[in-house]
Amino acid sequence: MKIIDGRELARQIREKLKLRIEALGVQPRLAVVLAGDDYASQVYVRNKRKAAEETGMVCEVHHLSAEASFDELAALVDGLNRNPSVHGIIIQMPLPLHLNNNEALRLIDEAKDVDGFGIRNAGLLMQNQVEAVVPATPKGVLVMLKSTGVNLAGKHAVIIGRSNIVGRPLACLLLNQDCTVTVTHTLTENIENIARQADILVAACGCPKLVKESWIKEGAVVIDVGINRVDGRLCGDVDFDEAAAKAAFLSPVPGGVGPMTIAMLLENTCEACEKQLRERK
Ligand code: NAD
């Protein structure tokens, strides 16, 4: 079994981005909107900011209180949309419960939607249009899959989870790579049997160690997107030790999809900046 080292892949991507930014002569600027005091969100934002700055970008964090109204959020995002020095905008999820996630995402100018969660980018991805901004986590998963050298065309890919940020966009992305895609979810019957048919198995459901040895086909490529904290320790949606007995390639948690997600967000921000500079000429 070979480990897919997301940390190393992400490091290489960030090194390339650094050179690209130096050549650009403009520092891409990412604005992160954070509402409330969710601890995990604060950690994620801190990590994104650190990675952005190390790569030569500017990352500004706009912190709204947990009680902020939708109008306050809208005014903040509107200002960022209009500011030509801001190239990318993300709203850190989850928002406080009184704010609607989908309505909030619709506030972001599609050209600055570097998370790719807006309706236009989702539609472009669904239609396999190259200009789609692809959400960072599925984009990172695809880079990891390609790093194995396994030919994706015609392979059966099974995805566990159908969220708008991972499962659904990944299904489109893999279909666009000519995989045969099955998307499973909480109501899927015989999920273990379906998973066992997968040449490529991606777990993105938030259930600690759900995927056991019996779920995996001999020689499969297994990507673990899950980030779960159990007894203070991080683990994925795949039982790593069990999966290692069957998989040909396996991504660990931590050190797998997590660092790739951040690298892809930075890549999306750099690409948005380049595009905006080209269009202003
Ligand atoms: P979500 O809760 O929005 O969606 C979970 C999906 O999994 C749902 O579609 C649900 O139907 C499905 N599901 C849940 N339990 C299931 C089960 N027992 N069997 C089959 N399907 C099941 O979660 P999300 O935002 O997509 O995140 C999924 C996991 O990935 C979480 O652990 C999250 O922390 C992690 N995540 C990691 C990264 C990263 O950068 N590594 C990024 C995003 C999410």
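Residues numbered from 1 in each chain as written. Predicted model: local features only at pLDDT ≥ 70, side-chain atom pairs only at ≥ 80, totals over all residues. Heavy atoms only, no water.

Another point: the sheet that holds strand β8 (residues 221-224). Strand pairs in the sheet, formed through backbone hydrogen bonds, run parallel or antiparallel to each other. Read from one edge of the open sheet, 6 strands run β1-β11-β8-β7-β5-β6, paired in parallel fashion. The open sheet has two edge strands with one neighbour each: β1 (2-3) and β6 (180-184). Two strands pair when backbone bridges link them, and strand β5 (residues 156-160) and β6 are joined in this way by 5 bridges, in the parallel orientation. When the bridges of β6 are listed, Ile159 appears paired with Val183. Taken strand by strand, helix α7 (residues 167-176) contacts β5, β6 and β7 (200-203), and its axis lies near 170 degrees from that of β5. (Pairing = 2+ DSSP bridges. Helix = DSSP H or I, 4+ residues; strand = E, 2+ residues; numbered from the N terminus. Contact = heavy atoms within 4.5 Å. Axes fitted to C-alpha atoms, helices over the stretch in contact; angles between N-to-C directions.)

Before going further, it helps to examine unusual backbone geometry. Trans peptide bonds make up the majority, and among non-glycine residues the majority have a negative phi. Note the cis peptide between Met93 and Pro94, where omega equals 0 degrees. The amide bond that connects Val253 to the next residue, Pro254, takes the cis arrangement and shows omega of 0 degrees. Mapped onto the secondary structure, Pro254 falls in the loop between β11 (249-250) and α10 (257-280). Here Asp178, not a glycine, exhibits a phi torsion of approximately 70 degrees, which is positive. By secondary structure assignment, the location of Asp178 is in the loop between α7 and β6. The exposed category is assigned to Asp178, whose relative accessible area is 52%. Within the chain, Asn190 stands out as a residue other than glycine whose phi angle is a positive 55 degrees. On the secondary structure map, Asn190 appears in the loop between β6 and α8 (191-195). (Buried < 20%, exposed > 50% of the residue type's maximum accessible area, 1.4 Å probe, protein only.)

On to the state of the cysteines, then. One pass over the full model with this rule turns up 0 disulfides. There is no disulfide at Cys270, and the cysteine sulfur nearest it, in Cys273, is 6.5 Å away. (Disulfide = S-S within 2.5 Å.)

Another aspect to go through is the site of the ligand. Near the ligand there are 22 residues, and of these Arg162, Ser163, Val225, Ile227 and Thr261 occur at the shortest range. The backbone of Arg162 places a nitrogen or oxygen atom 2.8 Å from an oxygen atom of the ligand. Note that an oxygen atom of the ligand is positioned 3.2 Å from one of the backbone N or O atoms of Thr186. A total of 860 Å² of accessible area belongs to the ligand in isolation, and the protein chains cover 72% of it. Considering every element that reaches the shell around the ligand, the biggest residue donor is α10, with 3 residues. Its residues assigned to classes, the shell around the ligand comprises 11 nonpolar, 10 polar and 1 charged. (Near = heavy atom within 4 Å. Polar contact = N/O pair within 3.5 Å; in protein donor to acceptor, adjacent residues only side chain to side chain. Areas by Shrake-Rupley, 256 points an atom, 1.4 Å probe, with all protein chains shown as cover. Nonpolar A, V, L, I, M, F, W, Y, C, P; charged D, E, K, R; others polar.)

Another point: helix α3 (residues 70-82). Between its first and last C-alpha atoms α3 spans 18 Å; for 13 residues at 1.5 Å apiece the expected length is 18 Å, and the two agree. Residues Leu73, Ala74, Leu76, Val77, Leu80 and Asn81 constitute the buried set of α3. For α3, the buried positions fall inside an angular range of 165 degrees around the axis, keeping them on one side. Counted as exposed and oriented over 90 degrees from the buried face of α3: Asp71, Ala75 and Arg82. Those residues of α3 hidden inside the fold are in contact with β2 (29-35), β3 (58-64), β4 (88-91) and α4 (101-105). (Expected span 1.5 Å × (residues − 1). Arc of directions from axis to C-beta.)

The next thing to look at is the packing of helix α2 (residues 39-54) against α10. Geometry of a packed helix pair, given as the angle between the helix axes and the separation of the axes. Where α2 meets α10, the axes come as close as 10 Å, and the angle between the chain directions of the two elements is 55 degrees. Classed by the angle they form, the pair α2 and α10 counts as oblique. The way α2 lies across α10 gives a crossing that is right-handed. Contacts from Asn47, Lys48, Ala51 and Ala52 of α2 reach α10 at Ile262, Leu265 and Leu266. Here the residues of the contact of α2 with α10 are counted per class, giving 5 nonpolar, 1 polar and 1 charged. (Parallel < 35°, antiparallel > 145°, perpendicular 65-115°, else oblique. Left-handed = near helix turned anticlockwise from the far one by under 90°.)

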